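# Coordinate inspection notes
Listed here are the chains, written in short residue letters.
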Amino acid sequence: MLQYIDIGPGDIALALVLVGITLAISLWQHLDLHGDLLVGSVRAFIQLMAVGYLLQLIFNLNRWYLVVLALVIMLLVAAGNAYRRQQERWPQLFFVMLLAIGCGGLLTLTIVIAVVLKVKPWYQPQYIIPLAGMIVGNAMVGAALAVNRLTGEIKAHRDAIEVALALGATARQAIIPYLRASLRAAMLPTVSTMMTVGIVQLPGMMTGQIIAGASPAAAVKYQIVVTYMIAAATALTTITATLTAYRYYFTPNHQLKPPLKNTAA
Amino acid sequence: MNKVKFELKDVSLERPDCNSTGKRPTAIILNRINTVFLQGQITAVMGPSGAGKSSLLRLLNRLEDPGTGSITLDGANLKDLNIFTLRRRVGMVWQLPTLFPGTVAANISYGPRLRGIPPVAAATMARKLIQTVGLTAELLDRPAASLSIGQQQRVSLARTLANEPEVLLLDEPTSALDPTAAANILHLMADLRSRLGLTIIFVTHLPEQARQVADRVLLLSHGEIIESGPALQFFTAPRDPRSRLFLNGQLEG
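Rules behind the numbers
Residues numbered from 1 in each chain as written. Chains lettered and ligands numbered in written order. Predicted model: local features only at pLDDT ≥ 70, side-chain atom pairs only at ≥ 80, totals over all residues. Heavy atoms only, no water. Helix = DSSP H or I, 4+ residues; strand = E, 2+ residues; numbered from the N terminus. Buried < 20%, exposed > 50% of the residue type's maximum accessible area, 1.4 Å probe, protein only. 1 Å grid on protein atoms, 1.4 Å probe; cavity = no way out; pocket = protein on both sides within 12 Å on 5 of 7 lines; lining within 4 Å. Points joined across faces, edges and corners; volume = space filled by probe spheres on them. Nonpolar A, V, L, I, M, F, W, Y, C, P; charged D, E, K, R; others polar. Polar contact = N/O pair within 3.5 Å; in protein donor to acceptor, adjacent residues only side chain to side chain.

## Section: unusual backbone geometry
Between Lys-120 of chain A and the following residue, Pro-121 of chain A, the backbone shows a cis peptide bond with an omega angle of -10 degrees. In this fold, Pro-121 of chain A is placed in the loop between helix H4 (93-116) and helix H5 (125-156). Here Glu-164 of chain B, not a glycine, exhibits a phi torsion of approximately 50 degrees, which is positive. Within the element layout of this structure, Glu-164 of chain B appears in the loop between helix H6 (149-161) and strand S7 (167-171). With a relative accessible area of 57%, Glu-164 of chain B lands in the exposed category. Within the chain, Glu-172 of chain B stands out as a residue other than glycine whose phi angle is a positive 45 degrees. By the element assignment, Glu-172 of chain B lies in the loop between S7 and helix H7 (179-196). On the accessibility criterion, Glu-172 of chain B (16% relative accessible area) is buried.

Following this line, the structure appears as C-alpha cells:
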C-alpha cells in the first residue's frame, strides 16, 4: 500500500493560494469574477467541513437509524432540488420527484449493498453513505432534466398530442414519443460519461481511492460497479418520474388539460 | 327526415380565463347551446373569432367535456360511451395537418395500428385511402413532411378516415391552404358525404364555403347560437339581424 498524505490546516490555507491567484487576476483585469469566487470558496469550505464532521459523527456512532435518517434527508433535499429546477411546477410534483428518486435510488442502493458488495452489516456508513450520495445526486439531476424536458415537449406539441387522442390513442400512447425524447435527453449525460470514462476523464471516486492508497486495479473495479450503479439509478428514476409526471397533464378520460397559467420560472 | 346524430341540450362550457384580472376566474365559451346535427348532413359552423366554434367541435369527440348540459350520439350520452370508440366514430381534422414524423403510410395507418390491425392489412387500407382523398399511391413511402401543405391536409383526412368514422369534424380545414387546395378539400367533403354517408360538421369563416357545400348553417356569437337553419334560407332570408351583419362582414367578435 502506498503512503497516504494527511492534509493539515496549514495545507488548506496553502490551497487557498490557488483561489488567490484567480482573485488577483479577476481584480486586475476587471473581470468581476472575484465576488462569486469568494462566496463560492467560503461556502465550499463551510459546507464541506460541516458535512465532514457530521459524517464523522455518523461513522463513529455507527447506528442503523442514523444512517436511515441521513438517507431520508438526502432524498428530501434531492427531491426539493429537482422540484425547484422545474420551469413548470404543480403541487404534487415534489412528491413525484420524491417517489422517483426514492424508488430508483433505493432499489439500486439495495442491490449494490446487499447483492454486489455484500456489506455486513448493511448500514456500515463507510459504504452506504458515499454510494447513496452518488446515486441520489445523479438521480436528482436525471429526474430534473427528464421532467423539465417532458413538460417542454407537452407545451410544444399540444396539437400533435390531441391529434393522437382524437385518433383513438390513450394518453400514454399519445405521449410516448415525447416520453422517449425526455428519457433520452435525461440519460445523455450518463451515457456519454459511460462512453468516455477512463479515456477523457478519471472519475472523482476512483481518483479519491487511488490517492487514499488503493491500487488502481482495485479502484477500477469499484468504478465499474459505480458506473453501472449510476446508470441504473438514473434510468430507473427518470422512467419513474416521467411515467408518473405525464399523468398530471391528462384527465382520467384521456383529455389533455388546458395549459397551466403559472408557468413562471 | 334524417335521423338525429348529435343532440345537444343546454350545453355550457367555461374555461379558466387567462386574460382575467382576477374578477372572474373563468370565461364563458359556450352558453346553453341547444341544437341537433342530422345524419348525412353537412353543417357549417360560422361566427366571429372567439364565438366558440372550435370548442363546440371539441365537445363532440370529448377532447373536452361541457361544464353542464348533455350531448348524445345516436341517442346515447357521450359520457356512457367508451372514449376510444367514440373518438374513432367521430373523427377530427384541424386547420393544420399536424402529421406525425414518418412516412405518409405510417400516418394513415396510425389509427388502424392502435386498434391492433396487422401491418399488412393496415398498409392495404392506407393504399385505398390515399386514393379516396385524391392522391397517388407513390406518395405512401414519402416522408410526410416532404408533401405540400395541401397534400398533407389530404393525408390528415385519410388518417382520420382510416378509423372508419361516422362523423367528421373539420376545424377550418382549408384556411391554411391556397384556393385550389381549399376547393379540392371542399369537393372531397361533399364526395365523402354522398359516397360514405358521413355526417360532416365543419367550422369555416368563409360564408362562400358554407354556400357551396353546407345543408345547414349554425351561426355562433359569444358562445350562443344566433341562427341555425337550412343553408339556402340562411343565405337568402336570414332571420336574425346579426346574421345579416355577419353576411356583410360586419359582425364583430
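## Description of the layout of surface pockets
Here the largest pocket defines a volume of roughly 910 Å³. Lining the largest pocket are 33 residues, and of these Pro-258 and Pro-259 of chain A together with Arg-15, Arg-58 and Glu-64 of chain B lie nearest its centre. Counting only elements with at least two residues in the lining of the largest pocket, the list comes to helix H6 (158-166) of chain A together with strand S1 (4-16), strand S2 (26-38) and helix H1 (53-60) of chain B. Here the lining of the largest pocket is built from residues that sort into 14 nonpolar, 6 polar and 13 charged.

## Some remarks on H6 of chain A
Counted residue by residue, H6 of chain A has 8 buried out of 9 residues, so it is predominantly covered. For H6 of chain A, the full list of buried residues reads Arg-158, Ala-160, Ile-161, Glu-162, Val-163, Ala-164, Leu-165 and Ala-166 of chain A.

## Quick notes on the side chain of Thr-151 of chain A
Within the secondary structure layout, Thr-151 of chain A lies in helix H5. Looking at Thr-151 of chain A, its side chain comes within polar contact range of the side chain of Gln-87 of chain A, at 3.4 Å.

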